[in-house]
Amino acid sequence: MNATARCPGSCGELIQGFVAGRECLVSCTVNLFSEVTLEEVSYFCKEQGPKKSREALTKSFEFFGLSAEDTYNIEIKVNSSIPAGKGMASSTADIVATIRASALLVGKEIDHAEVASMAVSIEPTDSVLFPGLTLFDHLEGSIIEPLGSAPPLDVLVLEPYETLDTLKFRETDYSEVKRKNQDKIEYALWLLKEGIRTQNSLLVGEAATISSIVNEEVLQKPKLRSIIDCAKKAGAVGVNVAHSGTVIGILIDNAYTDADRVKRLLKREGLLKKFERVHLCKILG
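Keep in mind the model is a prediction, meaning the values are calculated, not measured.

## Things to note about the pattern of salt bridges
- All told, the structure shown has 13 salt bridges when counted by the stated rule.
- Lys 178 is the salt-bridge partner of Glu 23, the closest N and O atoms lying 2.6 Å from each other. Of this pair, Glu 23 sits in strand β2 (residues 22-40) while Lys 178 sits in helix α5 (residues 175-180), and the two are 155 residues apart along the sequence. Note on accessibility: Glu 23 and Lys 178 belong to one class, buried.
- In this structure, Glu 75 engages Lys 77 in a salt bridge whose closest nitrogen and oxygen atoms are separated by 3.8 Å.
- A relative accessible area of 15% means that Glu 75 is categorised as buried.
- On the basis of relative accessibility, which here comes to 43%, the residue Lys 77 falls in the partly exposed class.

## Some details on the environment of Ala 113
- Along the chain, the position of Ala 113 falls in helix α3 (residues 112-120).
- Along the chain, Ala 113 and Ser 142 lie 29 residues apart, while their C-alpha atoms are 7.2 Å from each other.

## Details of α3
- Buried residues of α3: Val 115, Ala 116, Met 118, Ala 119 and Val 120, and no others.
- Next to the buried residues of α3 lie α1 (51-63), α2 (90-106) and β4 (133-136).
- Put simply, Asp 111 is the residue that caps the front of α3, since its side-chain oxygen is 3.2 Å from the backbone nitrogen of Ala 113.

## Focus on the packing of aromatic side chains
- Summed over the entire model, instances satisfying the criterion amount to 5 aromatic pairs.
- Relative to Phe 64, the ring of Phe 63 has its centre 5.3 Å away and its plane inclined at 75°; by these criteria the two rings are edge-to-face.
- Using a relative accessible area of 41% as the deciding quantity, one classes Phe 63 as partly exposed.
- Looking at Phe 64, the relative accessible area reads 12%, which means it is buried.
- Ring geometry for Phe 169 and Tyr 174: centres 5.3 Å apart, planes at 25°, overall stacked.

## Here's the deal with the side chain of Ser 60
- Tracing the chain through its elements places Ser 60 in helix α1.
- In terms of polar contacts, Ser 60 uses its side chain to reach the backbone carbonyl oxygen of Ala 56, at 2.7 Å.
- Look past the residues within four positions of Ser 60 in its chain and what remains in contact with it is Ile 99, Ser 102 and Met 118.

## Description of the environment of His 112
- Within the element layout of this structure, His 112 appears in helix α3.
- In this structure, the C-alpha to C-alpha distance between His 112 and Leu 135, residues 23 residues apart in sequence, is 13 Å.
- In this structure, His 112 is in contact with Arg 100, Leu 129, Phe 130 and Pro 131, ignoring residues within four places of it in sequence.

## Notes on the environment of Trp 190
- Relative to the helices and strands, Trp 190 resides in helix α6 (residues 182-198).
- For Trp 190 and Ala 68, which are 122 residues apart along the polypeptide, the C-alpha to C-alpha distance reads 44 Å.

Calculation notes
- The written sequence of each chain sets the order in which its residues are numbered from 1.
- Residue-level local features of this predicted model are given only where pLDDT is at least 70; pairs of side-chain atoms are given and counted only at 80 or more, and the full residue set underlies all totals for whole chains, interfaces and linings.
- Water and hydrogen atoms play no part in the side-chain values, which are based on all heavy atoms of the structure.
- The term salt bridge refers to a side-chain nitrogen of Lys or Arg lying within 4 Å of a carboxyl oxygen of Asp or Glu.
- By definition, any uninterrupted DSSP run of H or I lasting at least four residues is a helix, any uninterrupted run of E lasting at least two residues is a strand, and each is numbered from the N terminus.
- Note on classification: 1.4 Å probe, protein chains only; a residue is buried when its accessible area is under 20% of the maximum for its type, exposed when over 50%, partly exposed between these limits.
- By definition in these notes, contact holds between two residues if any of their heavy atoms fall within 4.5 Å.
- Polar contacts, as used here, are pairs of N or O atoms within 3.5 Å; protein pairs need one atom able to donate a hydrogen and one able to accept it. Residues neighboring in sequence count only if both atoms are side-chain atoms.
- Ring pairs are drawn from Phe, Tyr and Trp, using the six-membered ring of Trp, whenever the two centres fall within 6.5 Å, and their geometry is named by plane angle: stacked under 30 degrees, edge-to-face over 60, tilted for the rest.

Right, here's the structure in full:
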């Protein structure tokens, strides 16, 4: 018997920071996926597969009233197109896909809140697990507010050579810096909500840009201000970042410009030299 499930990744976040005294985020979910297949086999494979997926499998079985020993003959296969270590939710996608595949394997139902709670017990979790854009407490696992679907947007993903050890990065407490900027993030959230409500990509882009600039006090991105200026000059609606990662996204509404024009201008200004890969995705949700 086997079961397969998948979960999308992200190009960082549209916003992240303190809202009403709680740290939360809205992931910029994109069409990159982790696909996990679980298969019952005749041999012992307790240690097989990625560590976090194995932990997610064990927690899932325990949630469904099964024992950890029941997972020892289940093989985990992960096929992912999501780059790791750059703030693109690769770990979250692996974990969530494993949880959902576990539910399918044992014929059980599990809702989004239960998936979120289980995933957060393993590590801080991105909101890519929800069907729409969602304001999410990525540390405690509580859904703060479903926001709906973003207007149709492409994301020109600027993927740097550098990676970031997210867990090590989170060992430093930046809460005071983030708390100081709560008003700016709450304003960005208001813009994001209005952008989603009215399907106005300019408001969504402005919200993301505000959050990316605010995050410079926590984790700087090389030449971010120049990239923002260049992207706006090329007609992009905004720029977002991985707030605890290295990736940058240029938000593009094809009513105003296209990815080729944006990429040409960034290249002409010498702003793509530090990026290993530049590729186009679509926002999901």
